[in-house]
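# Per-entry structural report
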2 protein chains.
Amino acid sequence: MTQFDFGDVWLVGAGPGDPDLLTRKAERLIREATVVFYDALVGEGVLALVPPHVRMEPVGKRSGRHSKDQASIDRLIVEAALAGEKVVRLKGGDPAIFARANEELEACRAEGIRVSICPGITAASAAAADLGVSLTLRGLARKLVFVTAHSKNGATLDLDWQSLADKDATLAVYMGKAAAPTVSRKLIEAGLPVDTPVALVENASLGNGTRIVTRLDLLGLTANAALTDKPAVILIGRALGESTFATSGFYGPQQKSVENSGSVGG
Amino acid sequence: MTQFDFGDVWLVGAGPGDPDLLTRKAERLIREATVVFYDALVGEGVLALVPPHVRMEPVGKRSGRHSKDQASIDRLIVEAALAGEKVVRLKGGDPAIFARANEELEACRAEGIRVSICPGITAASAAAADLGVSLTLRGLARKLVFVTAHSKNGATLDLDWQSLADKDATLAVYMGKAAAPTVSRKLIEAGLPVDTPVALVENASLGNGTRIVTRLDLLGLTANAALTDKPAVILIGRALGESTFATSGFYGPQQKSVENSGSVGG
């Protein structure tokens with residue numbers, strides 16, 4: 001059994017949004033907590049699982065919206081733990097992947113607070129499930145690469161495009177909406193074929209966001225036309241050619257609410 | 001709610017082993033199934049959640065042991081679905097990551113069977129949670145790369161070492177025990193510093209396997225000395241230097257059952 005003592009901190013992965021994709025352990029931890037600090041990216045259905053007697057503290061972080069900075073979040077967590085609370089820090093996806101867990105782990109350890117991680121389903125896994133594809137293919141997609149394409153204040157994206165432009169890999173780009181035209185151009189310049197299959201998945205697992213399969217040279221256009229401000233993951237590589245959506249070709253913005261034909265519900 | 005009709009197939013991620021790391025959705029699907037085809041890698045605690053009236057069919061796949069080939073597994077799944085069963089294909093980790101989901105998806109679709117994926121926690125996420133680290137670090141580990149290093153019958157590993165030897169990335173090597181000396185040598189030859197932190201995690205999430213933090217030039221030696229035949233993931237990169245195990249240095253085989261100090265229980 002998971003042990004959760006007063007004064008402990010758990011960084012808990014909330015998964016992609018669908019409360020059914022929460023782990024059993026995460027569910028138990030949020031029920032045992034006395035306070036839950038949560039991101040804007042945590043699904044509403046997940047938050048609904050927090051019992052009414054547990055204090056809920058939104059701590060922001062969504063690009064473009066007012067939110068607390070990382071140091072303030074660290075301090076809130078530490079103070080709650082030192083006050084003897086059972087602290088859950090609930091993060092969208094998996095705490096170990098692009099979630100700045102490191103800062104929070106360090107802040108807790110510096111104060112001698114026992115801090116642990118409960119993993120979560122990351123958006124790329126959920127998007128693959130929505131699309132009905134494997135992210136890896138024997139002999140064809142033997143490597144899976146996760147990057148973020150979030151650059152602050154319009155700074156140039158500093159990524160190693162040559163190594164990312166690997167036709168034997170699947171590339172999952174987190175927070176890539178704004179950078180989609182750059183990602184498309186740079187990968188093509190670095191040698192990835194223009195017709196490499198690309199999938200854009202908003203609100204993975206929730207069934208209420210855009211799901212589009214297109215090709216690399218249309219990625220920028222498609223992202224601009226079809227993505228909204230919901231969290232999105234962009235998947236690039238031959239594995240996406242196997243998607244159950246691939247035969248449907250390009251979905252324009254007028255067909256945004258494409259049903260998830262593979263996974264029924266959630 | 002998840003819909004699971006007679007004649008449907010669900011590829012379900014069993015996660016890393018700890019039954020608490022199963023998703024709520026996966027738990028429901030295995031309770032609703034009439035038959036569960038499961039890998040050798042699926043945790044015993046997960047199998048214990050399958051109700052007694054559900055038929056359990058082991059379908060092997062563990063390197064070095066007798067097991068069914070992929071085509072036979074595909075056929076079993078298809079035949080069960082065509083016979084009107086509610087079929088769960090339970091796979092260790094996440095079905096979309098190094099799990100050959102593609103073959104099973106294709107086999108089902110070729111027969112007009114409705115097939116869906118329920119994602120699972122992949123071993124790298126679970127290993128990071130065990131170690132108490134983030135796999136990504138702002139500015140230092142901005143890319144996360146998953147590869148397998150399983151080569152059949154001693155064939156040479158055909159990987160792009162130059163692109164894998166990225167000091168700003170975290171590399172997760174699945175099925176890498178046998179290839180560990182090669183991985184170490186090739187990454188060093190390609191320019192990765194000899195003292196790059198490396199973690200070896202067996203039976204991630206279960207707390208009963210080797211957990212070692214060492215350095216890249218000692219990876220081969222350490223893997224040979226300390227890894228058994230349990231499923232293992234090797235994590236390489238600066239992010240592992242933040243591990244709560246990092247200060248403990250090298251654990252020899254005599255200290256195999258290192259307690260998971262970060263995550264209490266499971």
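The residue count restarts for each chain, going from 1 along the sequence in the order it is written. Note on labels: chains are lettered from A, ligands numbered from 1, in written order. Reporting of local features is limited, given that this is a predicted model, to residues whose pLDDT is at least 70; pairs of side-chain atoms are given and counted only at 80 or more, and all residues count toward the totals for whole chains, interfaces and linings. Side-chain numbers come from the whole structure's heavy atoms, not from hydrogens or water.

## Concerning the interface of chain B and chain A
- Whether two residues are in contact is decided by their heavy atoms, any of which lying within 4.5 Å being enough. The partner chain A presents 66 residues to the 66 residues of chain B that form the contact.
- Across the chain B to chain A interface the summed buried area is about 5300 Å²; carbon plus sulfur atoms make up 52%.
- Think of a salt bridge as a Lys or Arg side-chain nitrogen and an Asp or Glu carboxyl oxygen that are within 4 Å of each other. Remark: the boundary between chain B and chain A carries eight salt bridges.
- Residue Arg24(B) is joined to Asp20(A) by a salt bridge in which the shortest nitrogen-to-oxygen separation is 3.7 Å.
- Pairing of N or O atoms within 3.5 Å defines a polar contact, subject to two protein rules: one partner must be a possible hydrogen donor and the other a possible acceptor, and residues neighboring in sequence count only if both atoms are side-chain atoms. In this structure, the connection of chain B to chain A is made through 30 residue pairs in polar contact (both at pLDDT 80 or more). Simply put, the buried area is the total loss of 1.4 Å probe accessible area from both parts when two parts are fitted together.

## Observations concerning helix α8 (residues 219-226) of chain B
All names here are of chain B.
- Three exposure classes are used, based on accessible area relative to the maximum for each residue type with a 1.4 Å probe and protein chains only: buried under 20%, partly exposed in between, and exposed over 50%. Numbering of helices and strands runs from the N terminus, with a helix taken as a DSSP run of H or I at least four residues long and a strand as a DSSP run of E at least two residues long. Of all the positions in α8, only Leu219, Gly220, Thr222, Ala223 and Ala226 are classed as buried. Seen from one end, α8 has its buried residues packed into an arc of 165°, which puts them on one side. For α8, the exposed residues lying more than 90 degrees away from the buried face are Leu221 and Asn224.
- In this fold, the buried residues of α8 make contact with α7 (180-189), β8 (197-202), β9 (211-215) and β10 (232-236). It is the directions from the helix axis to the C-beta atoms that the arc portrays.

## Overview of the relation of the copies chain B and chain A
- Expressed as a screw transformation, the operator carrying chain B onto chain A has a rotation angle of 180° and an axial translation of 0.0 Å, and the superposed copies differ by an RMSD of 0.0 Å. Both chain copies can therefore be described as sitting about a two-fold axis. The copies were overlaid by least squares, fitting only the C-alpha atoms of residues that reach a pLDDT of 70 or more in each copy.

## Some thoughts on the confidence of the model for chain A
Residue and element names in this part refer to chain A.
- One confidence number per residue, pLDDT, is output by the predictor and ranges from 0 to 100. Chain-level statistics for chain A give a pLDDT mean of 88 and a share of 86% at 70 or above.
- Per-residue pLDDT stays below 50 along residues 246-266; that stretch engages in 45 contacts with residues further than four places along the chain or on separate chains.
- Reported for the predicted complex are a pTM of 0.90 and an ipTM of 0.90.

## What about the domain arrangement of chain A?
Residue and element names in this part refer to chain A.
- Each domain's extent was defined by an automatic or database domain assignment. Once the domains are mapped, chain A shows domain 1 (9-118) and domain 2 (123-257).
- Listed by partner, the interface residues are ten residues for domain 1 and 13 residues for domain 2.
- For the pair domain 1 and domain 2, the summed buried surface comes to about 830 Å²; carbon and sulfur atoms form 70% of the total.
- Our enumeration of links across domain 1 and domain 2 arrives at zero salt bridges.

## Here we look at the sheet that holds strand β7 (residues 169-174) of chain A
- DSSP-based pairing: two strands are paired if at least 2 bridges between them are found. Spatial strand order, β9(A)-β8(A)-β10(A)-β7(A)-β6(A)-β6(B)-β7(B)-β10(B)-β8(B)-β9(B): ten strands in an open sheet with mixed pairing. Looking at strand neighbours, the two that pair on one side only are β9 (211-215) of chain A together with β9 of chain B, the edges of this open sheet. Each strand axis lies, on average, 15° off the axis of its neighbour in the sheet, ignoring direction.
- Bridge analysis of strand β7 (residues 169-174) of chain B against β10(B) gives four bridges, and the strand direction is antiparallel. Bridge pairing in β10(B) links Val173(B) to Ile234(B).
- Each axis is a line fitted through C-alpha atoms, taken for helices only over the stretch in contact, and angles between the N-to-C directions span 0 to 180 degrees. Contacting β8 (197-202), β9 and β10 (232-236) of chain A, helix α8 (residues 219-226) of chain A crosses the sheet at an angle of about 20° to β8(A).
- In the packing of helix α5 (residues 123-131) of chain B onto the sheet, contacts are made with β6 (143-148), β7, β8, β9 and β10 of chain B, and the angle to β10(B) comes to roughly 70°.

## With respect to the pairing of β7(A)
Residue and element names in this part refer to chain A.
- In terms of burial, β7 is largely enclosed, as six of its six residues are buried.
- What you see with β7 is no split at all: Ala169, Leu171 and Val173 on one side and Thr170, Ala172 and Tyr174 on the other are buried throughout.
- Pairing between strand β6 (residues 143-148) and β7: six bridges, direction parallel. Note that in β7 the partner of Val147 across the bridge is Val173.

## Topic: the sheet that holds strand β5 (residues 115-118) of chain B
All names here are of chain B.
- Taken in spatial order, the five strands of this open sheet run β3-β2-β4-β1-β5, and their pairing is parallel. If you trace the sheet from one side to the other, it starts and ends with β3 (55-58) and β5, each paired once. Averaged over all pairs of adjacent strands, the angle between strand axes in this sheet comes to 20°, irrespective of strand direction.
- Its contacts with the sheet put helix α1 (residues 24-32) on β1 (9-13), β4 (87-91) and β5, and the angle it makes with β1 is roughly 135°.
- The sheet contacts of helix α3 (residues 70-82) involve β1, β2 (35-38) and β4, and relative to β4 the element is tilted by about 150°.

## Re the nonpolar core
- One finds Leu187(A), Ile236(A), Leu187(B) and Ile236(B) to be the most contacted residues of the largest nonpolar core, which totals 54 residues.
- Those residues in contact with Ile236(A) that sit more than four places away from it in its chain are Ala169(A), Thr170(A), Leu171(A), Val173(A), Val183(A), Leu187(A), Leu192(A), Thr196(A), Pro197(A), Val198(A), Leu216(A) and Leu219(A).
- Working definition of a nonpolar core: buried Ala, Val, Leu, Ile, Met, Phe, Trp, Tyr and Cys residues. They are joined through side-chain atoms within 4.5 Å. If you look at the next biggest cluster of nonpolar residues, it comprises 44 residues, including Leu144(A), Ala204(A), Ala124(B) and Ala172(B).

## A look at the packing of α3(B) against helix α4 (residues 101-110) of chain B
Residues and elements named next belong to chain B.
- One way to put it is that α3 packs onto α4 with a least axis distance of 9 Å and a crossing angle of 45°. Compared by their axis directions, α3 and α4 come out oblique. Considering how the two elements wind past one another, α3 and α4 form a crossing that is right-handed. Facing α3, whose interface residues are Gln70, Ile73, Asp74, Ile77 and Val78, α4 presents Glu103, Glu104, Ala107 and Cys108.
- Three classes are used: nonpolar for Ala, Val, Leu, Ile, Met, Phe, Trp, Tyr, Cys and Pro, charged for Asp, Glu, Lys and Arg, and polar for all others, with Gly counted as polar. Of the residues assigned to the contact of α3 with α4, the class counts are five nonpolar, one polar and three charged. By definition in this entry, angles of less than 35 degrees are roughly parallel, angles greater than 145 are roughly antiparallel, angles of 65 to 115 are roughly perpendicular, and the rest are oblique. Two helices that cross are described as forming a left-handed crossing if the nearer one is turned anticlockwise from the farther one by less than a right angle, and a right-handed crossing if clockwise.

## Description of the pattern of salt bridges
- Tallying each qualifying case throughout the model produces 38 salt bridges over all chains.
- For Arg24(B), the salt bridge goes to Glu27(A), with nearest N and O atoms at 2.7 Å. Here Glu27(A) lies in helix α1 (residues 24-32) and Arg24(B) lies in helix α1, a pairing that spans two chains. Take Arg24(B) and Glu27(A): they sit in the same class, and that class is buried.
- A salt bridge links Asp168(B) to Lys167(B); the shortest N-O distance between them is 3.5 Å.
- Classification of Lys167(B) by relative accessible area gives partly exposed; the value is 48%.

## A word on the packing of aromatic side chains
- Under the pairing criterion, centres of Phe, Tyr and Trp rings, with the six-membered ring standing for Trp, must be within 6.5 Å; the plane angle then separates stacked pairs below 30 degrees from edge-to-face pairs above 60, leaving the rest tilted. Summed over the entire model, instances satisfying the criterion amount to five aromatic pairs over all chains.
- Aromatic side chains Phe146(A) and Tyr174(A) sit 5.7 Å apart centroid to centroid with 35° between the ring planes, which places their arrangement in the tilted category. Residue Phe146(A) is located in strand β6, and its partner Tyr174(A) is located in strand β7; the two are separated by 28 residues in the primary sequence. The residues Phe146(A) and Tyr174(A) share a single accessibility class, namely buried.
- Residues Phe146(A) and Phe146(B) carry aromatic rings whose centres are separated by 5.2 Å and whose planes lie at 35° to one another, so their mutual orientation is tilted. Here Phe146(B) lies in strand β6 and Phe146(A) lies in strand β6, a pairing that spans two chains. No difference in accessibility class separates Phe146(A) from Phe146(B), as the two residues are buried.
- Connected via pairs of aromatic rings, a cluster forms that spans Phe98(A), Phe146(A), Tyr174(A), Phe98(B), Phe146(B) and Tyr174(B).
- Throughout this description, the term charge over a ring refers to an Arg CZ or Lys NZ atom that lies within 6 Å of the ring centre and within 35 degrees of the ring normal. Directly above the ring of Phe6(A) sits Lys86(A), whose terminal nitrogen or CZ lies 4.6 Å from the centroid.
- When the ring centre of Phe4(B) is taken as reference, the NZ or CZ atom of Lys86(B) above it lies at 5.9 Å.

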